[in-house]
Amino acid sequence: MENRSLVTIAEHSKEKILYLLEMAKQFEKNPNRKILDGKIVATLFFEPSTRTRLSFETAVNRLGGRIIGFSDASTTSSSKGETLKDTIMMVSNYADLIVMRHYLEGAARYASEVAPIPIINAGDGANQHPSQTMLDLYSILKTQGTLENLNIFLVGDLKYGRTVHSLLMAMRHFNPTFHFIAPEELKMPEEYKLYCEENHIKYVEHTDFNESTIADADILYMTRVQRERFTDLMEYERIKNVYILRNKMLENTRPNLRILHPLPRVNEIAYDVDNNEKAYYFQQARNGLFARQAIICDVLGITLEEIKC
Ligand code: CP
């Protein structure tokens, strides 16, 4: 049987990405459709989440499905030593689809290989976050009118940031120029730079973050320095506030510039940016509902034609 899981966005063709974005557009027109009637979706969150879990659960609720799951693994039998495989096999007895966030890189791939039902990767460690990427792409398309030939600036924690890793891979179809802005300690890992080279993705690396660095940006994608990924908390304390975007820095930026952030933010975007018309991160999170409705339908084999009916 075909494995319809979504583990990494790298497995999706350009056509498939555009197809899912069209589906998301249809759901934005009408997110309330009873097309998951009788379906049960399990949300298994082994790491904290606000947006991803709640937007997946809202997506299911608005489509008429039902939710089971947990947001705190310490309340489950994994705290008694049950393996991930056994947990996945048990939940597969009860649900039609599993949405899983896990702290280990590769956990979603492993789950997709042992589960008899589809798995959606809702973030695996510092590796990938493909559903975030679909909402990021949808947000870029809505604000820029295209995904092609854009200058995309990724700022902050590019080492542990799974959202930037996924976005980079998805954008290979659209001829972007990436600018990686990170301190030495949080630079884009070599494996992703190699991916860029193999896929003819242009990139420039910077350590400075100021008005002149971002003057040509179409998308400024800010990220949080992720305390939970550091083994040395002294190092985290030293670099946690390395880049802070302030409203004043946006004065001479392009009119079409939009600021994205997967959220949560800590200090990296000053609150005075929130009222700038170029700030788009709250709308971006809203787009997650529609993008995730599209992903859920796709992994369950529900087509664009069916949702248009
Ligand atoms: N962007 C994102 O993954 O947010 P949460 O951690 O709140 O789900």
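Keep in mind the model is a prediction, meaning the values are calculated, not measured.

1. Side note on the overall build of the chain
Helices and strands together make up the secondary structure of the chain, namely 10 helices and 9 strands. Relative to a compact globule of 309 residues, whose C-alpha radius of gyration would be 19 Å, the chain shows 19 Å and is just as compact. Across the 309 residues of the chain, 57% fall into the buried class. Restricting to contacts in the chain with at least 6 residues of sequence separation, those with at least 24 account for 75%. Total accessible area computed for the chain in this model is approximately 13,600 Å², and 48% of it derives from carbon and sulfur atoms.

2. Some words on the domain arrangement of the chain
For the chain, the domain assignment lists domain 1 (9-128 + 288-308) and domain 2 (130-285). Using C-alpha coordinates to define each centre, domain 1 is positioned 25 Å away from domain 2. With 31 residues of domain 1 in contact, the opposing surface of domain 2 contributes 29 residues. For the pair domain 1 and domain 2, the summed buried area comes to about 2,400 Å², and 59% of that belongs to carbon and sulfur atoms. If you sort the residues of domain 1 by the area they bury against domain 2, Ile9, Leu21 and Arg51 come out on top, with a joint share of 26%.

3. Quick notes on the site of the ligand
As a structural note, the neighbourhood of the ligand is formed by Ser49, Thr50, Arg51, Thr52, Arg101, His129, Gln132, Pro262 and Leu263. Side-chain polar atom of Thr52 to an oxygen atom of the ligand: 2.6 Å apart, as the coordinates give it. When isolated, the ligand has an accessible area of 250 Å², and the protein chains bury 91% of it. Its atoms largely coinciding with the cavity grid, the ligand occupies the largest pocket. Here the residues of the shell around the ligand are counted per class, giving 2 nonpolar, 5 polar and 2 charged.

4. Section: the layout of surface pockets
Estimated volume of the largest pocket: approximately 480 Å³. Along its surface, the largest pocket is lined by 23 residues, and Arg101, Arg162, Arg224, Glu228 and Pro264 are the ones closest to its centre. Among the residues making up the lining of the largest pocket, the classes are represented as 6 nonpolar, 10 polar and 7 charged. No fewer than three residues from each of domain 1 (9-128 + 288-308) and domain 2 (130-285) sit in the lining of the largest pocket.

5. Looking at helix H1 (residues 14-29)
The end-to-end C-alpha separation of H1 is 23 Å, in line with the 22 Å expected for 16 residues at 1.5 Å each. Among the residues making up H1, those that are buried are Ile17, Leu20, Leu21, Met23, Ala24, Gln26 and Phe27. Residues of H1 that are buried make contact with helix H5 (130-144), helix H6 (162-170), helix H9 (281-299) and helix H10 (304-308).

6. Remarks on the pattern of salt bridges
Inspection of every chain in the model, using the stated rule, returns 18 salt bridges. Between Asp218 and Arg254 there is a salt bridge, and its shortest N-O distance comes to 2.9 Å. One end of the pair, Asp218, is in the loop between strand E7 (202-206) and strand E8 (219-222); the other, Arg254, is in the loop between helix H8 (233-239) and strand E9 (258-260), with 36 residues separating them in the sequence. A single salt-bridge network, built from bridges that share partners, covers Arg4, Lys16 and Asp298.

7. Things to note about the pairing of strand E4 (residues 119-124)
Counted residue by residue, E4 has 6 buried out of 6 residues, so it is predominantly covered. By the bridge criterion, 4 bridges tie strand E3 (residues 97-102) to E4 in an arrangement that is parallel. Each bridged residue has a counterpart across the sheet, and for Met100 the counterpart in E4 is Asn121.

8. Considering the nonpolar core
In terms of nonpolar packing, the biggest core is built from 60 residues, with Met134, Leu137, Leu154, Leu168 and Ile296 touching the most fellow members. Sorting elements by how many residues they give to this core places H9 first, with 8 residues. Two domains each provide a minimum of three residues to this core, namely domain 1 (9-128 + 288-308) and domain 2 (130-285). Once you skip the residues sitting within four places of it in the chain, Leu154 turns out to touch Val164, Leu167, Phe178, His179, Phe180, Ile181, Met188 and Tyr221. Counting residues in each nonpolar core, the second largest holds 19 residues, with Val155, Ile181, Ala217 and Leu220 among its members.

9. Looking at the pairing of strand E6 (residues 177-181)
Each regular strand displays side chains that alternate between the two surfaces of the sheet. Within E6, 5 of the 5 residues are buried, leaving the element largely enclosed by the surrounding structure. On E6, burial covers both faces: Thr177, His179 and Ile181 on one face and Phe178 and Phe180 on the other are all buried. Here 5 bridges tie strand E5 (residues 151-155) to E6, and the two strands are oriented parallel to one another. Paired with Asn151 across the two strands is Thr177, which belongs to E6. For the crossover that starts at E5, traverses H6 and ends in the parallel E6, the hand is right-handed. Two elements, E6 and E7, share 5 bridges in a ladder whose sense is parallel. Residue pairing in the sheet places Thr177 in a bridge with Lys202 of E7. A crossover links E6 with its parallel partner E7, the connecting element being helix H7 (residues 190-198), and its sense is right-handed.

Each value, and the rule that gives it
- Residues numbered from 1 in each chain as written.
- Predicted model: local features only at pLDDT ≥ 70, side-chain atom pairs only at ≥ 80, totals over all residues.
- Heavy atoms only, no water.
- Helix = DSSP H or I, 4+ residues; strand = E, 2+ residues; numbered from the N terminus.
- Rg over C-alpha atoms; globule rule 2.2 N^0.38 Å.
- Buried < 20%, exposed > 50% of the residue type's maximum accessible area, 1.4 Å probe, protein only.
- Contact = heavy atoms within 4.5 Å.
- Areas by Shrake-Rupley, 256 points an atom, 1.4 Å probe, with all protein chains shown as cover.
- Domains from an automatic or database assignment.
- Buried area = accessible area lost by both parts, 1.4 Å probe.
- Near = heavy atom within 4 Å.
- Polar contact = N/O pair within 3.5 Å; in protein donor to acceptor, adjacent residues only side chain to side chain.
- 1 Å grid on protein atoms, 1.4 Å probe; cavity = no way out; pocket = protein on both sides within 12 Å on 5 of 7 lines; lining within 4 Å.
- Sits in = over half its atoms within 2 Å of the grid points.
- Nonpolar A, V, L, I, M, F, W, Y, C, P; charged D, E, K, R; others polar.
- Points joined across faces, edges and corners; volume = space filled by probe spheres on them.
- Expected span 1.5 Å × (residues − 1).
- Salt bridge = Lys/Arg side-chain N within 4 Å of Asp/Glu carboxyl O.
- Pairing = 2+ DSSP bridges.
- Core = buried A, V, L, I, M, F, W, Y, C linked by side-chain atoms within 4.5 Å.
- Right-handed = clockwise from strand over helix to strand, strands pointing away.

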